[in-house]
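One letter stands for each residue in the lines below.
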Amino acid sequence: MEIVGRPCQTPIREYRLITAFHRNVLQIALILFSVLIGQAGSLRATAPRIWDEFSGEKALAHVQRLVDFGPRPAGSKSLEESREYIENELRRFGWRVTRQGFSDDTPRGKIQFVNLVAQFPDHGKAASRSFLLCSHYDTKIFDTIRFVGANDGGSSTGLLLELARVIGQHPDLARKIELVFFDGEEACEQFSATDGLYGSRHFARQLQREGAKQFRGGLLFDMVGDRSLGITLPNDSPADMARDIFAAAEALKLRNYFTYLGRELIDDHAPLNAIGISTLDIIDFDFPWWHTADDTMDKISAQSLQTVGSVALYYLSEFALK
C-alpha cells in the first residue's frame with residue numbers, strides 16, 4: 001500500500017508538548033473525579049437518617065391544636081373535633097384511617113367510643129403489618145376542674161401524628177406499622193376491670209376474634225412531653241424491648257432520659273400484652289400536674305417530644321423492624 005502525499009513526521013518538541021498536554025488533562029480529570037466521588041460520599045454520609053427527620057416543634061404544634069379544643073372526654077363534642085383533626089392530618093400524611101366505633105357501659109352510663117386505626121396503603125404490594133404504635137387521645141372527665149390534658153392525652157397524640165408524618169415518607173417501613181389512637185383510656189371514676197382502658201380493651205378483643213391478624217409487638221406512648229423529661233418504663237415491661245429502647249437511647253446519647261418506674265402500671269399496653277402482643281409503655285409517670293387543671297402547654301416542651309420521637313424512630317428502624 002502506498003500513502004499518497006507528504007509523510008507525516010511530528011517534530012520531537014511538538015510531540016513532547018502534546019504528551020505533556022494529555023498528561024495534564026488526565027491529571028485534571030482524575031482530580032475532578034476524586035472530588036466528585038468525595039462529594040457523593042459526603043452527601044451519603046450527611047443524608048438525613050429517619051430519626052433526624054422528626055420535629056419536636058411540629059409535634060408540639062399538634063398538641064396545641066388538641067388543647068385548643070378544650071377538655072376532650074369520651075363522648076364529647078370536643079373529642080369529635082379532635083378526632084376529625086387527627087383523621088385529616090393522617091390522611092394528609094398518606095395514611096388510610098378507619099373508625100372503630102363501639103359503645104360500652106360506664107359508671108356514667110353507656111358511652112359511644114371511637115378508636116382511630118391508620119394503615120399505610122400498600123398500592124399492590126404485600127402489606128406485612130407487624131408492629132403497633134399507639135396513644136390515647138381522650139382526657140379524663142372532671143366535674144370541678146377544666147382539664148385539657150396537654151401532657152396526659154395531648155403529648156402522646158401529637159407525637160404519634162409527627163411519627164405518622166415521618167414514617168409516611170418511608171413506605172416500606174410504613175407498610176409494616178399500624179397506628180392506633182385509643183378512645184376511653186381514662187376511667188370515668190376509678191380504674192377497674194370495667195372502668196378505664198375502654199378503647200384498648202375493645203381493640204384487643206377484636207384482634208383476638210380476627211385470629212389471623214398478628215403483631216410481633218408495639219409501643220404505647222403516654223405523657224411524653226414533660227419539660228423535665230424522665231421516661232419511666234414499668235417494671236413489667238417486656239425485657240428485650242426495654243433493653244433495645246435503652247440501647248436506642250444510648251446510641252443517640254439520650255440514655256439519661258430513660259429508666260424504670262419500679263412498679264407495674266395500668267395503661268393501654270395491658271390489654272395488648274394480655275393477648276400476647278408484647279407492648280412497651282413509653283411513659284413519664286413522674287409528672288406533678290397529672291390529673292390537675294395545671295396539665296397545660298407550659299408544662300411540656302418540643303425538646304422532650306424530640307427526644308422520645310427520635311429514640312422511637314431509631315428503635316423501629318434499627319431494632320424492631322430491621
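The following paragraphs examine the structure supplied in this document. (Residues numbered from 1 in each chain as written. Predicted model: local features only at pLDDT ≥ 70, side-chain atom pairs only at ≥ 80, totals over all residues. Heavy atoms only, no water.)

## Things to note about the sheet that holds strand β1 (residues 96–106)
Reasoning step 1: Spatial strand order, β1-β2-β4-β3-β5-β8: 6 strands in an open sheet with mixed pairing. The sheet terminates laterally at β1 and β8 (279–283), the two strands that pair on one side only. Adjacent strand axes in the sheet meet at a mean angle of 20 degrees, parallel and antiparallel pairs treated alike.
Reasoning step 2: Bridge count between strand β3 (residues 131–136) and strand β5 (residues 217–222): 4 bridges; the pairing is parallel. Note that in β5 the partner of Cys134 across the bridge is Leu220.
Reasoning step 3: Those strands touched by helix α3 (residues 77–92) are β1, β2 (109–119) and β4 (177–182), and its axis lies near 155 degrees from that of β1. (Pairing = 2+ DSSP bridges. Helix = DSSP H or I, 4+ residues; strand = E, 2+ residues; numbered from the N terminus. Axes fitted to C-alpha atoms, helices over the stretch in contact; angles between N-to-C directions. Contact = heavy atoms within 4.5 Å.)

## Details of the packing of aromatic side chains
The geometry of an aromatic ring pair comes down to the distance between the two centres and the angle between the two planes.
Reasoning step 1: Summed over all chains, the structure comprises 13 aromatic pairs.
Reasoning step 2: Ring centres of Phe287 and Trp289 lie 5.3 Å apart, and the angle between their planes is 70 degrees; this geometry places the pair in the edge-to-face category.
Reasoning step 3: Taken together, the aromatic side chains of Trp51, Phe131, Tyr314, Tyr315 and Phe319 make up a single cluster linked through ring pairs.
Reasoning step 4: Above the face of the Phe142 ring, Lys140 is positioned so that its terminal group lies 5.8 Å from the ring centre. (Phe/Tyr/Trp six-rings, centres within 6.5 Å; stacked < 30°, edge-to-face > 60°. Lys NZ or Arg CZ within 6 Å of the ring centre and 35° of its normal.)

## Observations regarding unusual backbone geometry
Reasoning step 1: In this structure, Leu197 takes a positive phi of about 55 degrees despite not being glycine.
Reasoning step 2: Secondary-structure assignment places Leu197 in the loop between β4 and α6 (198–210).
Reasoning step 3: Leu197 gets classed as buried once you look at its relative accessible area, which sits at 8%.
Reasoning step 4: We note that Met223 has phi near 55 degrees; this positive angle belongs to a residue other than glycine. (Buried < 20%, exposed > 50% of the residue type's maximum accessible area, 1.4 Å probe, protein only.)

## What to know about helix α2 (residues 56–68)
Reasoning step 1: Helix length check: α2 (13 residues) gives 18 Å between terminal C-alpha atoms against 18 Å at 1.5 Å per residue, within 8%.
Reasoning step 2: Burial in α2 covers these residues: Gly56, Ala59, Leu60, His62, Val63, Leu66 and Val67. Projection of α2 onto a plane perpendicular to its axis shows the buried side chains occupying an angular sector of 155 degrees, all on one side. Of the residues in α2, the exposed ones pointing more than 90 degrees away from the buried face are Glu57 and Asp68.
Reasoning step 3: Buried residues in α2 make contact with α3, α4 (150–168) and α9 (302–320). (Expected span 1.5 Å × (residues − 1). Arc of directions from axis to C-beta.)

## Points about the pattern of salt bridges
Oppositely charged side chains are able to pair whenever their charged atoms sit close together.
Reasoning step 1: A full pass over the atoms with the stated rule returns 14 salt bridges.
Reasoning step 2: A salt bridge links Arg49 to Asp52, with the shortest nitrogen-to-oxygen separation between them at 3.1 Å.
Reasoning step 3: The partly exposed category is assigned to Arg49, whose relative accessible area is 48%.
Reasoning step 4: By relative accessible area, which is 43% here, Asp52 ends up partly exposed.
Reasoning step 5: Here Asp244 ties to Arg243 by a salt bridge, and the two come within 3.6 Å at their closest N and O atoms.
Reasoning step 6: For Arg243, a relative accessible area of 51% gives the class exposed.
Reasoning step 7: Connected through shared salt-bridge partners, Glu80, Arg83, Glu87, Arg99 and Asp183 make up one network. (Salt bridge = Lys/Arg side-chain N within 4 Å of Asp/Glu carboxyl O.)

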